[in-house]
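Here are the chains, one letter per residue:
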Amino acid sequence: MRKYEDFHKSVMVNEVLENLITKEDGVYVDCTTGEGGHIKAIYEKTNGKAKIIGVDLDYEVLEIAEKRLKEITDDIEFFKSSYRDIDIVLHGLGIEKVDGFLMDLGVSTFQLKGENRGFTFMQDEPLDMRMDTDSDFTAWNVVNEYSEEQLSKIIFEYGEEFKFARRIARSIVNSRPINTTFELVDAIKKALPPKERYRRRRHFATKTFQAIRIEVNGEFDNIRTALEKFPEFLNEGGRICVISFHSLEDKIVKNFFRNHEKLKLLTKKPILPTEEEINENPRARSARIRVAERI
Ligand code: SAM
C-alpha cells in the first residue's frame, strides 16, 4: 500500500510544541493525526506523561500512525472520526476536559501518494479525493454532477483561481463524463492559454484539484464546527493550535479566535515557518500557526 519510504514530514514541530503544551501531564488531542508525526513529538516532549488522543477520519493513515507509535508506546488512543464530532469522541472516552487541541489542516503525504485515492494529478486514478472512505460522495460527483455555476464558484473561492474559474468550469462541463484524474487535468488544460500554464510556478491543475478536494470533504464547514466545540472542553489555560495552509482556512481560524468570549488570541500575527524549514520541506511554505488560550 505504501509506495514511498519516508513518513509525512510534519510541519513546524517546534512551534507546535512550544505553543500547544502547557503541562507535561496534560491531555492533548491531535485532531488530524495523519502519520502521527506531531503525536510522536508531543509524546517525546512530555516524556510520556501526557495523555494523547489521536483522531483522523482516514483509516489508512491511522493504521500507519498506530504502527509507527507502537514502537515507542501503547498508551495513545486512536479514533477514526471527523474532528467535527470531537464531542462524541471525548464523551465516549469519559473525558471532560483537555489541555490542548491540535489541527494540522490539509492533506497528508500518504493521501497524496497513496494508491487510488485520487488526490493527485501526477498519477492517473479514479476521481475520488475522499479522506473518509466511508462517505459515498466523491470528486466524481462534484466534477460530473455540479452545475457550471457551482463549479465556477468553488474553483474561484476554494481554489483561489480568480481569473480562470469560469473557463475551467465550462471546460469541465464540456468534457463530461470525466472519470479519472488525468481526464480532469486535460479538461483544465484545455481551459488555460498555454502562456498561463507555462507561467505558473506550480502545476496548472493544483488550484482546481485543491478546490474539489475542499468541496468533497466539506473542509471549511468541518473546521468551523470543530472550533465551535473546542472551548467547552478546554481547561483554563488550555490551548487550541491550528496549522493552516489556505488563506480561507486561516481567516476562519483567526476570526473565530478573535471573536470568542472564552478565548484569548495569542498570535496577533501568525507564526510562520523558518526559511530553513521551507528549504528542507517546501510544503511548509504556506503553513501558518494560530494559537488561542482558554480564559
Ligand atoms: N500532523 C500529521 C503528521 O504530523 O503526520 C499530518 C496531518 S495531515 C496534514 C492532515 C490530516 O487531517 C490527514 O490525515 C486527514 O485525513 C486529516 N483530516 C482531514 N479532515 C479531517 C477531519 N474532518 N477530521 C479528522 N481528520 C481529518
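Residues numbered from 1 in each chain as written. Predicted model: local features only at pLDDT ≥ 70, side-chain atom pairs only at ≥ 80, totals over all residues. Heavy atoms only, no water.

### As for the pattern of salt bridges
Our working definition: By definition here, a salt bridge exists when the distance from a side-chain nitrogen of Lys or Arg to a carboxyl oxygen of Asp or Glu is within 4 Å. A simple rule labels every residue: compare its accessible area, found with a 1.4 Å probe on the protein chains alone, to the largest value its type can have, and call it buried under 20%, exposed over 50%, or partly exposed in between. Only runs of H or I of at least four residues qualify as helices and only runs of E of at least two qualify as strands under DSSP, and these elements are numbered from the N terminus.
Evaluated as defined, the whole model comprises 22 salt bridges. The shortest N-O distance in the salt bridge between D74 and K70 comes to 3.7 Å. Each member of the pair D74 and K70 is classed as exposed. Where D250 meets R288, a salt bridge forms, and the shortest distance between an N and an O atom there is 3.9 Å. Residue D250 is located in helix α13 (residues 247-259), and its partner R288 is located in strand β7 (residues 288-294); the two are separated by 38 residues in the primary sequence. You can call D250 buried: its relative accessible area is 6%.

### Regarding the pairing of β7
Side-chain positions along a regular strand alternate between the two faces of the sheet. For clarity, the threshold we go by: At least two bridges found by DSSP between two strands are what make those strands a pair.
In terms of burial, β7 is a largely internal element, 6 of the 7 residues being buried. The sheet contact formed by strand β6 (residues 263-265) and β7 spans 3 bridges and is antiparallel. From the neighbouring strand, L263 faces β7, where its bridge partner is R294.

### Describing the site of the ligand
The cut-off we apply is this: When we say a residue is near a molecule or strand, we mean one of its heavy atoms is within 4 Å of it. Pairs of N or O atoms within 3.5 Å make up the polar contacts considered here, provided that, within protein, one atom can donate a hydrogen while the other can accept it, and that residues adjacent in sequence are counted only when both atoms are side-chain atoms. Throughout, the Shrake-Rupley method with a 1.4 Å probe supplies accessible areas, and for residues the shown protein chains are the sole cover considered. Ten residues, namely Ala, Val, Leu, Ile, Met, Phe, Trp, Tyr, Cys and Pro, are considered nonpolar, four, namely Asp, Glu, Lys and Arg, are considered charged, and the remaining ones, Gly among them, are considered polar.
Inspection of the region around the ligand gives 25 residues, with S10, H38, D56, D104 and Q111 positioned closest. Within the backbone of C31, one N or O atom sits 3.5 Å away from a nitrogen atom of the ligand. One of the backbone nitrogen or oxygen atoms of L57 is found 3.5 Å away from a nitrogen atom of the ligand. Notes on the ligand: free accessible area 610 Å², of which the protein chains cover 98%. The class makeup of the residues in the shell around the ligand is 7 nonpolar, 14 polar and 4 charged.

### Considerations on unusual backbone geometry
With an omega of 0 degrees, the peptide bond running from R176 to P177 counts as cis. Counting through the fold element by element, P177 comes out in the loop between α8 (165-174) and α9 (181-191). Although it is not a glycine, M129 sits at a positive phi angle of roughly 70 degrees. Here M129 is to be found in the loop between α5 (109-113) and α6 (139-145). A positive phi angle, near 50 degrees, is found at E160, a position not held by glycine. When you line up the elements, E160 lands in the loop between α7 (148-157) and α8. A relative accessible area of 24% places E160 in the partly exposed class.

### Some thoughts on the UniProt feature "binding site: S-adenosyl-L-methionine" (unreviewed entry) in the chain
As a reminder, the rule being used: UniProt positions are given in the numbering used here, feature names are shortened, and annotations may be inferred rather than shown by experiment. Two residues form a contact once any of their heavy atoms are found within 4.5 Å.
According to UniProt, the positions carrying the feature "binding site: S-adenosyl-L-methionine" (unreviewed entry) are G36, G37, H38, D56, Y83, D104 and Q111. When you line up the elements, D56 lands in strand β2 (residues 51-56). The class for D56 is buried, based on a relative accessible area of 10%. Apart from the residues within four sequence positions on either side, D56 is in contact with C31, T32, T33, G34, V61, L62, F79, K80 and S81. Polar side-chain contacts of D56 include one of 2.9 Å to the backbone nitrogen of G34. Structurally, Y83 is set in the loop between β3 (77-80) and α4 (86-93). Classification of Y83 by relative accessible area gives buried; the value is 12%. Apart from residues no more than four positions distant in its own chain, Y83 is found in contact with C31, T32, V55, M103, L105, E219, N222, I223 and A226.

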